[in-house]
Amino acid sequence: MPEYAPPLVEQAFHRLRRDVLSGNFAADAKLKVEELQTTYGFSSSPLREALSRLSQEGLVRADERRGFRVAPLSPDDLNDITRMRLMLDVPALQEAIEHGDDAWEAAIVAAFYRLEKVESRLPDGPVILDEEWSALHRDFHAALLAACPSPRQLAWSASLFDQAERYRRFSARFRQTARRKSNEHKKLMDATLRRDVDTASVLLANHIRGTLRNVEAAYEAMRVSGHA
């Protein structure tokens, strides 16, 4: 029986999305459909549909005259993303702790285990730049919130997590010291599994703000080095 192949729009969307999130396309870079056809091997129709979907997620900007561009990076934009994540993710975790069952707890433990195993195998350096770690990091955060009963809240949370991903990778490229995150994630997991709402909320809020702090440090490093 032949393997199922996703529709061309889905294939184009996921490949473009991966490359935007990973920084393969620079912030504010123009995304010319003709060049993307050569790069990815898709016709213009699925590529335009994929770009439109990415614009709805905030990863791409659409302009009637200028076409499509990768969304720019800026401290103000990350401040807004951080503000929205604090408004959505912390209450989502609180509700997940209230409604989560044994299967939810088991999924969190499994997601953390996979994340920690990959991190332990990585060489020194920013773990966020490893594709497998990044995917498992996303899975761990999604598992924490999964028992929140609002599908829209979870969808917006996932979208904002991905918008913040470009900033995590941006800051990692300027980080001078290796940063292991498993201890931070373990504390968050332990508080969540203890149903300690207050501690888990504080830990998650600090974790989210950590991206903002790292990016501010990266911009300062750029300013000092004369690259800003």
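As the structure is a computational prediction, the values presented were derived from the model and not from experiment. (Residues numbered from 1 in each chain as written. Predicted model: local features only at pLDDT ≥ 70, side-chain atom pairs only at ≥ 80, totals over all residues. Heavy atoms only, no water.)

## Observations regarding a positive patch on the surface
- Taken together, Lys-30, Lys-32, Arg-65 and Arg-66 make up a surface patch of like positive charges.
- One can find Arg-66 in the loop between strand E2 (60–63) and strand E3 (67–70).
- Residue classification places Arg-66 among the partly exposed residues on the basis of a relative accessible area of 43%. (Patch = residues over 30% accessible without salt bridge, like charges linked within 9 Å, V, L, I, M, F, W, Y side chains within 5 Å. Areas by Shrake-Rupley, 256 points an atom, 1.4 Å probe, with all protein chains shown as cover. Salt bridge = Lys/Arg side-chain N within 4 Å of Asp/Glu carboxyl O. Lys, Arg positive; Asp, Glu negative; His and termini not counted. Charge placed at Lys NZ, Arg CZ, Asp CG, Glu CD. Helix = DSSP H or I, 4+ residues; strand = E, 2+ residues; numbered from the N terminus. Buried < 20%, exposed > 50% of the residue type's maximum accessible area, 1.4 Å probe, protein only.)

## Here's the deal with the pairing of E3
- The sheet contact formed by strand E1 (residues 30–31) and E3 spans 2 bridges and is antiparallel. In the strand pairing of E3, Leu-31 is matched with Phe-68.
- In this sheet, E3 lies alongside E2 in antiparallel orientation, the contact comprising 4 bridges. Note on E3: the bridge partner recorded for Asp-63 is Gly-67.
- Between the end of E2 and the start of E3, which pair antiparallel, lie 3 residues. (Pairing = 2+ DSSP bridges.)

## Quick notes on the sheet that holds E2
- With antiparallel pairing, the 3 strands of this open sheet are ordered in space as E1-E3-E2. The outermost strands of the open sheet, each flanked by one partner alone, are E1 and E2.

## Thoughts on helix H2 (residues 33–40)
- Considered for burial, the residues of H2 that qualify are Val-33, Leu-36 and Tyr-40. Summarising the axial view, the buried residues of H2 lie within an arc of 55°, below the 170-degree limit, and thus occupy one face. In H2, the exposed residues that point more than 90 degrees away from the buried face are Glu-34 and Thr-38.
- Where H2 is buried, its residues touch helix H1 (8–22), E1 and helix H3 (44–56).
- After H2 finishes, the residue Gly-41 shows a positive phi value of roughly 80°. (Arc of directions from axis to C-beta. Contact = heavy atoms within 4.5 Å.)

## Some points on the nonpolar core
- Leu-93, Trp-104, Ile-108, Phe-140, Leu-144 and Leu-204 are the most contacted members of the largest nonpolar core, which totals 27 residues.
- Only helix H4 (75–99), helix H5 (102–121), helix H6 (131–145), helix H8 (182–193) and helix H9 (197–225) provide two or more residues apiece to this core.
- If sequence neighbours within four positions are ignored, Leu-144 has contacts with Leu-93, Ala-96, Trp-104, Ile-108, Leu-188 and Thr-192.
- Of all hydrophobic cores here, the second largest spans 19 residues; its members include Phe-13, Phe-25, Phe-42 and Leu-59. (Core = buried A, V, L, I, M, F, W, Y, C linked by side-chain atoms within 4.5 Å.)

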